[in-house]
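Tertiary structure, described
Each chain, written out:
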Amino acid sequence: MAWFTRKNPGVASQPEGDRSVRTEGLWHKCDDCGQIIFRKTLEENLNVCTKCGFHFKIDAHTRLKLLFDGEFQEFDNDLISTDPLAFVDSKPYKKRLKDAQTALEMSDALISADGVIDGRPVVVCVLELKFIGGSMGAVMGEMITRAIERSLASRKPLIIISASGGARMQEGAISLMQLAKIAAALMRLDDAKIPYISVLTDPTTGGVTASFAMLGDLNIGEPGALIGFAGPRVIEQTIRQKLPKGFQRSEFLLQHGFLDAVVKRADIKNYISRALTFFCGPVQ
């Protein structure tokens, strides 16, 4: 008799739906080298591939926790867009905003906070890519401007960590106005000789690159970050030429003088701390 007809199999099967061990989500595949990494190991390594050093995207709250010494205070998280154009694409802009606010428990694509880095009080803004692509609208422009004004009033250094697809198309020219608004506020910060450090992560593109992301006293890129105005596919289609390997990646920009440094995620806090000591002197 064939083995599959026996009434008492040697190993009893476990009823479907009654399994106590789940494996979904325990492993992650590197987008660059294809290495399969245990998720806990990846998180312990600051979401950086243990084989090739590829930097995975991380959310805004995680970045703040990696940067600050401990607790931090958030500001202006009650500001919400008024949908000035009553914009509708595949769905109404108000619905898109509401969905993002509910999913991420944020009012917009930025967190503005005050905290301490290696004993030095600082003002930090971090963009959240998952919130409508980290796009910059009126709320983000206002939050960054208010952060700059807090920095001016307290003379605390300003740090902005960017991750964005650019200006928010659902707010039209109003989103583009934020480029000039933030740039003017940063000029006042520069006049007051208060340091501004810009950290550009993957991706930093469009109107964000064309404004505050490239205006730092020190511009730092994460390894492998896509940084530019128009995307590489748009450029290739426009000029009808193949772009060089690594074009618009942070290492390419460093080589061509658009960045001051490319710093690994594990080293970024120490690097910023040493830079602020250079700018401001030792912590009193």
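Report follows, based on the coordinates.

About the thresholds
- Residues numbered from 1 in each chain as written.
- Predicted model: local features only at pLDDT ≥ 70, side-chain atom pairs only at ≥ 80, totals over all residues.
- Heavy atoms only, no water.
- Helix = DSSP H or I, 4+ residues; strand = E, 2+ residues; numbered from the N terminus.
- Buried < 20%, exposed > 50% of the residue type's maximum accessible area, 1.4 Å probe, protein only.
- Contact = heavy atoms within 4.5 Å.
- Lys, Arg positive; Asp, Glu negative; His and termini not counted.
- Charge placed at Lys NZ, Arg CZ, Asp CG, Glu CD.
- Core = buried A, V, L, I, M, F, W, Y, C linked by side-chain atoms within 4.5 Å.
- Phe/Tyr/Trp six-rings, centres within 6.5 Å; stacked < 30°, edge-to-face > 60°.
- Lys NZ or Arg CZ within 6 Å of the ring centre and 35° of its normal.
- 1 Å grid on protein atoms, 1.4 Å probe; cavity = no way out; pocket = protein on both sides within 12 Å on 5 of 7 lines; lining within 4 Å.
- Points joined across faces, edges and corners; volume = space filled by probe spheres on them.
- Nonpolar A, V, L, I, M, F, W, Y, C, P; charged D, E, K, R; others polar.
- Pairing = 2+ DSSP bridges.
- Disulfide = S-S within 2.5 Å.
- Patch = residues over 30% accessible without salt bridge, like charges linked within 9 Å, V, L, I, M, F, W, Y side chains within 5 Å.
- Areas by Shrake-Rupley, 256 points an atom, 1.4 Å probe, with all protein chains shown as cover.
- Salt bridge = Lys/Arg side-chain N within 4 Å of Asp/Glu carboxyl O.
- Right-handed = clockwise from strand over helix to strand, strands pointing away.

1. Some words on the overall build of the chain
- Within the chain one finds 9 helices and 9 strands.
- Seen through its principal axes, the chain has C-alpha atoms that stretch 90 × 50 × 45 Å.
- Looking at the 284 residues of the chain, the share that counts as buried comes to 42%.
- A fraction of 67% describes how many contacts in the chain between residues 6 or more apart in sequence connect residues 24 or more apart.
- Averaging the coordinates of the 35 positive side-chain charges in the chain and doing the same for the 33 negative ones gives two points 6 Å apart.

2. Structural notes on the nonpolar core
- Counting 59 residues, the largest nonpolar core has Ile144, Leu158, Ile159, Ile197, Phe212 and Ile272 as the members making the most contacts within it.
- Beyond its immediate chain neighbours, meaning those up to four positions away, isoleucine 144 contacts Leu110, Cys125, Ile160, Ile182 and Phe212.
- Cys30, Ile37, Cys49 and Phe56 belong to the second largest nonpolar core, which has 5 residues in total.

3. Topic: the packing of aromatic side chains
- One pass over the full model with this rule turns up 5 aromatic pairs.
- Pairing phenylalanine 278 with phenylalanine 279 gives two aromatic rings, centres 5.7 Å apart and planes at 65 degrees, and the pair type is edge-to-face.
- Among the residues examined, phenylalanine 278 registers a relative accessible area of 70% and is labelled exposed.
- Just above the ring of phenylalanine 75 sits the side chain of arginine 150; from NZ or CZ to the centre is 4.0 Å.

4. A short note on empty space enclosed by the protein
- For the structure shown, the criterion picks out 2 cavities of 30 Å³ or more.
- Empty space within the largest cavity amounts to approximately 100 Å³.
- Residue lining of the largest cavity: Ile58, Arg63, Leu66, Leu67, Ile161, Val199, Glu222, Arg265, Ile268 and Ile272, and that is the complete set.
- For the lining of the largest cavity, the elements supplying multiple residues, two or more each, are helix 2 (60-67) and helix 9 (268-280).
- Taken together, the residues that form the lining of the largest cavity break down as 7 nonpolar, no polar and 3 charged.
- For the lining of the second largest cavity, the residue count by class is 4 nonpolar, 3 polar and 5 charged.

5. Quick notes on the pairing of strand 8 (residues 218-221)
- With burial as the criterion, each face of strand 8 is covered, one bearing Leu218 and Ile220 and the other bearing Asn219 and Gly221.
- Summarising the sheet, strand 7 (residues 196-204) and strand 8 pair through 4 bridges and their orientation is parallel. Bridge pairing in strand 8 places valine 199 opposite isoleucine 220.
- When strand 8 meets strand 9 (residues 261-262), the two strands line up parallel, connected through 2 bridges. Of the residues in strand 9, the one forming a bridge with glycine 221 is valine 262.

6. Focus: the state of the cysteines
- Following the criterion strictly, the structure yields 0 disulfides and no others.
- Cysteine 52 supplies the cysteine sulfur nearest to cysteine 33, a cysteine that is in no disulfide, at a spacing of 3.6 Å.
- Residue class for cysteine 33 comes out partly exposed when judged on its relative accessible area of 31%.
- The cysteine cysteine 49 is free of any disulfide, with cysteine 30 supplying the nearest cysteine sulfur at 3.7 Å.

7. Section: a nonpolar patch on the surface
- A contiguous nonpolar surface patch, about 390 Å² in accessible area, is contributed by Leu26, Trp27, Ile36 and Phe38.
- Position of leucine 26 among the secondary structure elements: in the segment before strand 1 (27-29).

8. Some thoughts on the pairing of strand 7
- Counting buried residues in strand 7 gives 9 out of 9 residues, a clear majority hidden from the surface.
- When strand 6 (residues 158-164) meets strand 7, the two strands line up parallel, connected through 6 bridges. Its bridge partner being in strand 7, leucine 158 is matched across the sheet by tyrosine 196.
- Read as a crossover between parallel neighbours, the route from strand 6 over helix 5 (residues 172-191) to strand 7 is right-handed.

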